[in-house]
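An overview of the molecular structure
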Amino acid sequence: MKICKTIADMRAASRAARHSEKRLGFVPTMGALHEGHLSLVRAAKAKCDVVAVSIFVNPLQFGPGEDLAKYPRTFEPDRELLEKEDVDTLFAPTPEEMYPARAVTYVTVEGLGEKLCGRSRPGHFRGVTTVVAKLFHIVEPDMAFFGQKDAAQATIVRRMVRDLNLPVEIVVCPIVREPDGLATSSRNAYLNPQDRKSALALNRALSEVKSRFDQGERNASSLIATGKQMLTREIGVHPDYLEIVDPATLDPVREVTSSALVAVAAFVGKTRLIDNILLNP
Ligand code: PAJ
């Protein structure tokens, strides 16, 4: 596996792949890799000839008081995992390499960027779309792989690609879960044993909403109330939001008459976790 620390090196690796007419797949990550990330790598391997993964803890998508400084950085184990998956190129730039001093240019997906997590994390999605656009320009992949775990992020990236006519196909892969149902996340490492148990409330709330839906309930307010009840029942869990939205616009729906996304975010102790499920009438 070739490790590129500079933009110039990464561009050269991509150029080489393109010259040999190889289909280039790309998986952007912030590292602390787990089975969720590896599922994207495997999907990329299955669909593309050459696979590049980036590891970059993007300062621009963390708000003041968020976990940028303590975000897990585990480069060596990450590198080994990617070697084992037979990844071709690892792009791991420094913040200085990615952001020229006094950079003032951003990519904003207006409206969508202020929904769901964007409401409680102002500027978060602007940070995501700016770095993903930069990564796409540097790597120039044919296909890029994202997880349904971050459903709003996937929607917003798709919209950016469409609006800016970027020549990349976005593939969204299913949520990977721990055996007990908790969505796999780098932030699960922050949970103490008690919080780890409480964290199951997110998936439990979503499952409860799904089962009420399967029994015929279509009213979003009523489904939301069911989910919130499940969440608040658990000590140490503080809901940020539980919403039922149109997966393409992220706008709330009143009645679930077509495919809808149930998205939840909650603090478990000091750790903010997210999860979601799709309802298909
Ligand atoms: P990160 O949280 O490292 O996630 C990288 C990718 O892995 C994202 O597309 C995310 O949705 C996916 N992923 C994480 N956990 C998953 C799970 N349990 N199942 C399936 N996919 C999962 O998301 C980011 O980094 C950043 O915002 C990034 C896109 C890299 C931009 O900085």
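Just so you know, these numbers come straight off a predicted model, no measurement behind them.

1. What about the nonpolar core?
Counting residues in hydrophobic clusters, the biggest one holds 44 residues, and the most contacted among them are Phe91, Met98, Val132, Phe136 and Ile170. Top contributing element to this core by residue count: helix α6 (residues 124–139), with nine residues. Counting residues domain by domain, this core receives three or more from each of domain 1 (2–173) and domain 2 (186–276). Excluding anything up to four places from it in sequence, Phe91 contacts Cys4, Lys5, Thr6, Ile7, Met10, Val53, Ser54, Ile55, Met98, Leu135 and Ile138. Leu191, Leu200, Leu242 and Leu273 belong to the second largest nonpolar core, which has 26 residues in total.

2. Section: the site of the ligand
If you check the shell around the ligand, you find 20 residues, and the closest are Gln61, Asp150, Gln153, Val176 and Thr184. Gly147 is positioned such that a nitrogen or oxygen atom in its backbone is 2.9 Å from an oxygen atom of the ligand. Measuring from a nitrogen atom of the ligand, one finds a backbone N or O atom of Thr184 at 2.8 Å. Compared with its free state, where it exposes 630 Å², the ligand has 95% of that area covered by protein.

3. Some thoughts on the sheet that holds strand β3 (residues 50–55)
Taken together, six strands build an open sheet; the order of strands is β1-β4-β3-β2-β5-β6 and the sheet is parallel. The sheet terminates laterally at β1 (2–4) and β6 (169–173), the two strands that pair on one side only. Strand-to-strand twist of the sheet, defined as the mean angle between neighbouring strand axes without regard to direction, takes the value 25°. One ladder, built from five bridges, connects strand β5 (residues 143–147) with β6; its direction is parallel. The partner of Phe146 across the bridge, within β6, is Val172. Lying over the sheet, helix α7 (residues 151–163) contacts β5 and β6, oriented at roughly 170° with respect to β6.

4. So, the domain arrangement of the chain
Quite often, the size of an interface is put as the accessible area lost when its parts meet. According to the domain assignment, the chain consists of domain 1 (2–173) and domain 2 (186–276). Averaged C-alpha coordinates put domain 1 and domain 2 at centres separated by 26 Å. In this complex, domain 1 contributes 24 residues to the contact, which on the side of domain 2 involves 17 residues. Summed over both partners, the interface of domain 1 with domain 2 comes to about 1700 Å²; 52% of that surface belongs to carbon and sulfur atoms. When residues of domain 1 are sorted by the area they lose upon contact with domain 2, Lys115, Leu116 and Lys149 head the list and together hold 30% of the total. Seen at the junction of domain 1 and domain 2, the total is three salt bridges. Taking the shortest distance from any N to any O, the salt bridge between Asp251 and Lys115 comes out at 2.9 Å. Our count for the contact surface shared by domain 1 and domain 2 stands at eleven residue pairs in polar contact (both at pLDDT 80 or more).

5. Considering the packing of aromatic side chains
Going through the model one piece at a time under the given rule, you end up with four aromatic pairs. Here the aromatic rings of Phe56 and Tyr99 are separated by 6.2 Å at their centres, their planes lie at 40°, and the arrangement is tilted. Placement of Phe56 in the loop between β3 and α3 (75–84) and of Tyr99 in the loop between α4 (95–98) and α5 (117–120) is noted, with a sequence separation of 43 residues between them. A single burial state applies to Phe56 and to Tyr99, both of which are buried. Taking 6.4 Å as the distance between ring centres and 80° as the angle between the ring planes, the aromatic pair formed by Phe136 and Phe146 counts as edge-to-face. On the criterion of sequence distance, the pair formed by Phe136 in helix α6 and Phe146 in strand β5 is long-range, its members being ten residues apart. Classification of Phe146 by relative accessible area gives buried; the value is 4%. An aromatic cluster is present here, built from Phe26, Phe136 and Phe146 joined pairwise through their rings. Its guanidinium or amino end placed over the ring of Tyr190, Lys70 lies 4.3 Å from that ring's centre, counting from NZ or CZ. If you follow Arg126 out to its NZ or CZ, it ends over the ring of Tyr106, 3.6 Å from the centre.

6. Here's the deal with the sheet that holds strand β7 (residues 237–245)
Strand order across the open sheet formed by three strands is β7-β8-β9, with antiparallel pairing between neighbours. Bordering the open sheet on either side are β7 and β9 (271–279), each of which pairs with just one other strand. Each strand axis lies, on average, 15° off the axis of its neighbour in the sheet, ignoring direction. Pairing of β7 with strand β8 (residues 260–268) involves eight bridges; the strand directions are antiparallel. Considered in β8, the bridge of Pro239 is made with Ala266.

7. Some remarks on the pairing of β8
With eight of its nine residues buried, β8 lies for the most part within the structure. Alignment of β8 against β9, held across nine bridges, turns out to be antiparallel. Counted as the bridge partner of Val264 is Asp275 from β9. The antiparallel pairing of β8 with β9 creates a hairpin that spans two residues between the two strands, and Gly269 there sits at a positive phi of about 60°.

What counts as what
Residues numbered from 1 in each chain as written. Predicted model: local features only at pLDDT ≥ 70, side-chain atom pairs only at ≥ 80, totals over all residues. Heavy atoms only, no water. Core = buried A, V, L, I, M, F, W, Y, C linked by side-chain atoms within 4.5 Å. Buried < 20%, exposed > 50% of the residue type's maximum accessible area, 1.4 Å probe, protein only. Helix = DSSP H or I, 4+ residues; strand = E, 2+ residues; numbered from the N terminus. Domains from an automatic or database assignment. Contact = heavy atoms within 4.5 Å. Near = heavy atom within 4 Å. Polar contact = N/O pair within 3.5 Å; in protein donor to acceptor, adjacent residues only side chain to side chain. Areas by Shrake-Rupley, 256 points an atom, 1.4 Å probe, with all protein chains shown as cover. Pairing = 2+ DSSP bridges. Axes fitted to C-alpha atoms, helices over the stretch in contact; angles between N-to-C directions. Buried area = accessible area lost by both parts, 1.4 Å probe. Salt bridge = Lys/Arg side-chain N within 4 Å of Asp/Glu carboxyl O. Phe/Tyr/Trp six-rings, centres within 6.5 Å; stacked < 30°, edge-to-face > 60°. Lys NZ or Arg CZ within 6 Å of the ring centre and 35° of its normal.

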